[in-house]
Amino acid sequence: MTDQLDVERDGPVLRVTFNRPKAHNALTFAMYQGLYDACETADADDDIRVLVLRGAGGKAFVSGTDIAQFAGFDGAAGLAYEERITRVVRRLEDTEIPTVAAIEGYCMGGGLALAAACDLRVATESARFGVPIARTLGNCLSMDTYALLVGHLGPARTLDLLLRARQLTGAQAHAAGFVAELVGAEQSVDVVLGEVVETLLGHAPLTMWATKRAVARLRRANLPTGEDLVRRIYDSADFATGVRLFGTGERPTWTGT
């Protein structure tokens, strides 16, 4: 594992905490691999019945992939990156036990993909969901991640979210059906999360396993390739500019090349 990812056994629950609060829990490749390994751990132990993901610090679940990971990227590197993300997202989706994302603050980019791959999402009203890449980096998503978002939000809302680089509030995400439980200002995230986990621990494991498998198979049926899209985007001058200017306060001038 990595010290940026805490994995803790709590009885029948495996708790994974993204632990880079000063960076809004932006993910390094080591953290992605650590999550993959945590899913392996969960499935290897019959006594673990629920997997919970959470971000440290209360201000972010995951704000996306750490931009430093994109240094020197070209089309081939972009393709390898999206394949890496898909590998982790699918491993999370394929975990045999129920998975719950507890979301406070920012849930952006790769963080939104991970939350979408979980079975249930508990979020505060102050949570913010989005993929602002049309405004920031000028990159794209894998076909698998597009399919996840369209499956949860529908094509119209997904297009609105991505094309306008919008952010959904916790309440909007709840109204869209993406968030299962909305935690109000007067409520405790821990209490609401605990109630959800307790419900899952009391239900038939094989029924939940079959349900998860069925939904994943339906989502992936006839999923087309998107390698041509990814390669073109990560080879572009716009993406290189987006990475170079990210965090500087200077807005890119997009050229479409």
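Residues numbered from 1 in each chain as written. Predicted model: local features only at pLDDT ≥ 70, side-chain atom pairs only at ≥ 80, totals over all residues. Heavy atoms only, no water.

Moving on: the overall build of the protein. Regarding its fold elements, the protein presents ten helices and ten strands. For 257 residues, the compact-globule estimate of 2.2 N^0.38 gives 18 Å, and the protein sits close to it at 18 Å. In terms of overall dimensions, the protein has C-alpha extents of about 55 × 40 × 40 Å along its principal axes. Of all 257 residues assigned to the protein, the portion counted as buried reaches 50%. Relative to all contacts within the protein whose residues are 6 or more apart in sequence, the contacts with residues 24 or more apart total 72%. Here the protein contributes 26 positively and 32 negatively charged side chains, and the mean placements of these two sets differ by 5 Å. (Helix = DSSP H or I, 4+ residues; strand = E, 2+ residues; numbered from the N terminus. Rg over C-alpha atoms; globule rule 2.2 N^0.38 Å. Buried < 20%, exposed > 50% of the residue type's maximum accessible area, 1.4 Å probe, protein only. Contact = heavy atoms within 4.5 Å. Lys, Arg positive; Asp, Glu negative; His and termini not counted. Charge placed at Lys NZ, Arg CZ, Asp CG, Glu CD.)

Moving on to the sheet that holds strand E2 (residues 13–18). As summarised here, the arrangement of the six strands in space is E1-E2-E3-E5-E7-E10, forming an open sheet in which the pairing is mixed. Among the strands making up the open sheet, the edge pair consists of strand E1 (5–10) and strand E10 (181–183). Put simply, the sheet's adjacent strands are angled 20° from each other on average, direction ignored. Bridging between strand E7 (residues 120–124) and E10 involves three bridges; their strand directions are parallel. Its bridge partner being in E10, alanine 123 is matched across the sheet by leucine 182. Across the sheet, helix H7 (residues 189–201) is in contact with E2, strand E3 (50–55), strand E5 (99–103), E7 and E10; its angle to E3 comes to roughly 160°. (Pairing = 2+ DSSP bridges. Axes fitted to C-alpha atoms, helices over the stretch in contact; angles between N-to-C directions.)

Moving on, we come to the sheet that holds strand E9 (residues 167–169). Adjacent strands of a sheet pair through backbone hydrogen bonds, lying either parallel or antiparallel. Pairing is mixed across the open sheet formed by four strands, whose spatial order is E4-E6-E8-E9. Here the strands that pair on one side only, and so sit at the sheet edges, are strand E4 (60–62) and E9. Between one strand axis and the next, the sheet turns through 20° on average, direction left out of account. Most of the contacts of helix H3 (residues 110–117) go to strand E6 (residues 106–108), to which it runs at about 90°, and overall it touches E4, E6 and strand E8 (128–130).

For the coordinates displayed, the defined rule picks out 16 salt bridges. Residue arginine 54 is joined to glutamate 104 by a salt bridge in which the shortest nitrogen-to-oxygen separation is 3.3 Å. Here arginine 54, found in strand E3, pairs with glutamate 104, found in the loop between E5 and E6; they are 50 residues apart in sequence, far enough to count as distant. Taken together, the shared-partner salt bridges in this structure form one network comprising Arg90, Glu93, Asp94, Asp144, Arg219 and Arg220. (Salt bridge = Lys/Arg side-chain N within 4 Å of Asp/Glu carboxyl O.)

Moving on to unusual backbone geometry. For asparagine 25, which is not glycine, the phi torsion reads 60° and is therefore positive. Mapped onto the secondary structure, asparagine 25 falls in the loop between E2 and helix H1 (29–44). Positioned with a positive phi, alanine 165 is a non-glycine residue whose angle comes to about 50°. Within the element layout of this structure, alanine 165 appears in the loop between helix H5 (155–163) and E9. The buried category is assigned to alanine 165, whose relative accessible area is 13%.

Looking now at helix H4 (residues 143–153). Restricting attention to buried positions, one finds in H4 the residues Asp144, Thr145, Ala147, Leu148, Leu149 and Leu153. The secondary structure elements touched by the buried residues of H4 are helix H2 (75–93), H3, H5, E9 and helix H8 (205–220). Glycine 154 lies just past H4 and shows a positive phi near 85°.

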